[in-house]
Amino acid sequence: MNAAAEQGTLRNDLIASIPSLRAFANSLCGQPALADDLVQETLVKAWTNLGSFTVGTNLKAWLFTILRNVYFSELRKRRREVEDGDGAFAARLSVHGEQLGHMHYEDLVEALGKLAPDQREAVILVGASGFSYEEAAEIAGCAIGTMKSRVNRARRKLSELLGLEPDDEFGPDAGGRVLAAVEPPAGVS
Amino acid sequence: MRDPKGFAGRGAGDARGPEQAAGKPRGLDVRFASGADAAVSRRLKEMYDGLVSEPVPDRFLELLNQLDKAETPAVPTSAPGGTAAAGSPGNPAVDGSLPVEKS
């Protein structure tokens, strides 16, 4: 009975973790369909390996660890298949040309996709998921110092890619570009 | 998931220079010290929080229901060398380690 109750609680905790897992997966791979596959595989692995989870420890970190391992092993597999970069990887998997979330984040998703995967993971875990450097390092299986430097490099690179300067936090004026694009060329009647 | 307002505070505290730690007003002034970093962090956090708040597709609940019916998972370890084997005769793979694929 005790075990069954414990299992029920864990099941509820698993369900409660799904939104975070999906956010993590989407941020990591930038592909909603692939992200949900990653989450599904994570849940199956978590369920069949619940015995290796120690009650009272951080379930979310445990699940994130499983998901990132699934993702990185998938990434390695794809890289072995086609020896090219993230762009081609993403293009191959972008079957329906789906956009992640709202158009508002398109440039951010694109910039994330240009980061080295370990830097992308680092900045998501610490900068978005709210893990401490220590927790993030444990999830990624690296030293804390390595995690800190990955996060810093990722933030710097994202700033560059998004065209963010200290005096211009909103970058190029997207609205201006749109207006310029729809303006008819002079002389066209 | 966590307080979005806590993010700016944490961002300023972890790896920023002393400019922000000195208690300068945030908001618009944040751009002077490390505006680009703060903006990146804010956007990332906004996107992530938006993703977290998306509704969960039914497939995941269905999946867990199926898993529930299909097999009884190993009982979680409550203590080292605990009762992990109970109720999981069909799961010899559980060895106390994370289900990590070997690289």
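For every chain, the first residue of its written sequence is number 1, and the numbers climb from 1 along that sequence. Here every chain gets a letter starting at A, and every ligand a number starting at 1, in the order they are written. Local features in this predicted model are restricted to residues of pLDDT 70 or higher, and side-chain atom pairs are both shown and tallied only at a pLDDT of 80 or more, whereas totals for entire chains, interfaces and linings draw on every residue. Note that water and hydrogens are dropped before the side-chain values are worked out from all heavy atoms of the structure.

Is there a simple way to think about the side chain of Lys45 of chain B in this case?
Secondary-structure assignment places Lys45 of chain B in helix H3 (residues 30–52). The buried category is assigned to Lys45 of chain B, whose relative accessible area is 6%. A distance of 3.0 Å separates a polar atom in the side chain of Lys45 of chain B from the backbone oxygen of Ala128 of chain A. Where helices and strands are cited, they refer to DSSP runs of H or I of at least four residues and of E of at least two residues respectively, numbered from the N terminus. Per-residue accessibility, obtained with a 1.4 Å probe over protein chains only, is compared with the maximum for each type, and a residue is labelled buried under 20%, exposed over 50%, and partly exposed between these values. Definition of a polar contact: a pair of N or O atoms within 3.5 Å, with one able to donate and the other able to accept a hydrogen when the atoms are protein atoms, and with sequence-neighbouring residues admitted only if both atoms are side-chain atoms.

Where do I start with the confidence of the model for chain A in this structure?
A low pLDDT means the predicted coordinates there should not be read in detail. Residues and elements named next belong to chain A. The score called pLDDT rates the predictor's confidence residue by residue, from a low of 0 to a high of 100. When pLDDT is averaged across chain A, the result is 81; 74% of the residues are at 70 or more. Per-residue pLDDT, averaged within each element of chain A, yields its smallest value for helix H9 (residues 174–182) (40) and its largest for helix H7 (residues 133–140) (98). Whether two residues are in contact is decided by their heavy atoms: any pair within 4.5 Å suffices. Counting interchain partners and residues more than four positions distant, the pLDDT-below-50 stretch residues 92–98 has nine contacts. Across residues 167–185, confidence stays below pLDDT 50; counting only partners more than four residues off in sequence or on other chains, it has 17 contacts.

Explain the pattern of salt bridges here, please?
Any two side chains of opposite charge can pair if their charged atoms end up close together. All names here are of chain A. A side-chain nitrogen of Lys or Arg and a carboxyl oxygen of Asp or Glu constitute a salt bridge if their distance falls within 4 Å. Summed over the entire model, instances satisfying the criterion amount to 10 salt bridges over all chains. Linking Arg22 and Asp36 is a salt bridge whose minimum nitrogen-to-oxygen distance equals 2.8 Å. Here Asp36 lies in helix H2 (residues 32–48) and Arg22 lies in helix H1 (residues 2–29), a separation of 14 residues in the sequence. Its relative accessible area of 10% is what places Asp36 among the buried residues. By sharing partners, the salt bridges in this structure join Glu74, Lys77 and Arg78 into a single network.

Whenever I open this one, H1 of chain A confuses me. Can you help?
In an α-helix there are 3.6 residues to a turn, and that puts residues three or four apart on one side. Residue and element names in this part refer to chain A. For a helix, the expected span equals 1.5 Å multiplied by the residue count minus one. With 28 residues, H1 extends 39 Å from end C-alpha to end C-alpha; this agrees with the ideal 40 Å at 1.5 Å per step. The bend reported for a residue corresponds to the angle between axes fitted to the seven residues ending at that residue and the seven starting there. In the structure, H1 departs most strongly from a straight axis at Ile18, where the bend amounts to approximately 40 degrees and where the proline Pro19 lies between one and four residues downstream. Following H1 by one or two positions, Gly30 adopts a phi angle in the positive range, close to 70 degrees.

Explain the packing of aromatic side chains to me, please; I cannot follow it from the model alone.
The description of an aromatic ring pair rests on the distance of the ring centres and on the angle between the ring planes. All names here are of chain A. Each aromatic pair joins two rings of Phe, Tyr and Trp (for Trp, the six-membered one) with centres within 6.5 Å, and gets the label stacked for planes under 30 degrees apart, edge-to-face for over 60, and tilted for any other angle. Inspection of every chain in the model, using the stated rule, returns four aromatic pairs over all chains. Ring geometry for Phe53 versus Trp62: centroids 5.1 Å apart, planes at 50 degrees, classification tilted. By relative accessible area, Phe53 is classed as buried at 3%. Taken together, a centroid distance of 5.3 Å and an interplanar angle of 75 degrees make the contact between Tyr71 and Phe72 edge-to-face. One aromatic cluster is present, formed by Phe24, Phe64 and Phe131 through successive ring pairs.

Explanation requested: helix H8 (residues 144–161) of chain A in the structure shown.
All names here are of chain A. With 18 residues, H8 should cover 26 Å at 1.5 Å per step; its first-to-last C-alpha distance of 25 Å lies within 8% of that length. Of the positions making up H8, those classed as buried are Met147, Arg150, Val151, Ala154, Arg155, Leu158 and Ser159. Projected onto a plane normal to the axis of H8, the buried residues spread over an arc of 165 degrees and lie on a single side. Facing away from the buried side of H8 by over 90 degrees, the exposed positions are Arg156 and Glu160. Backbone geometry just after H8 places Gly163 at a positive phi near 65 degrees. This arc is built from the directions going out from the helix axis to the C-beta atoms.

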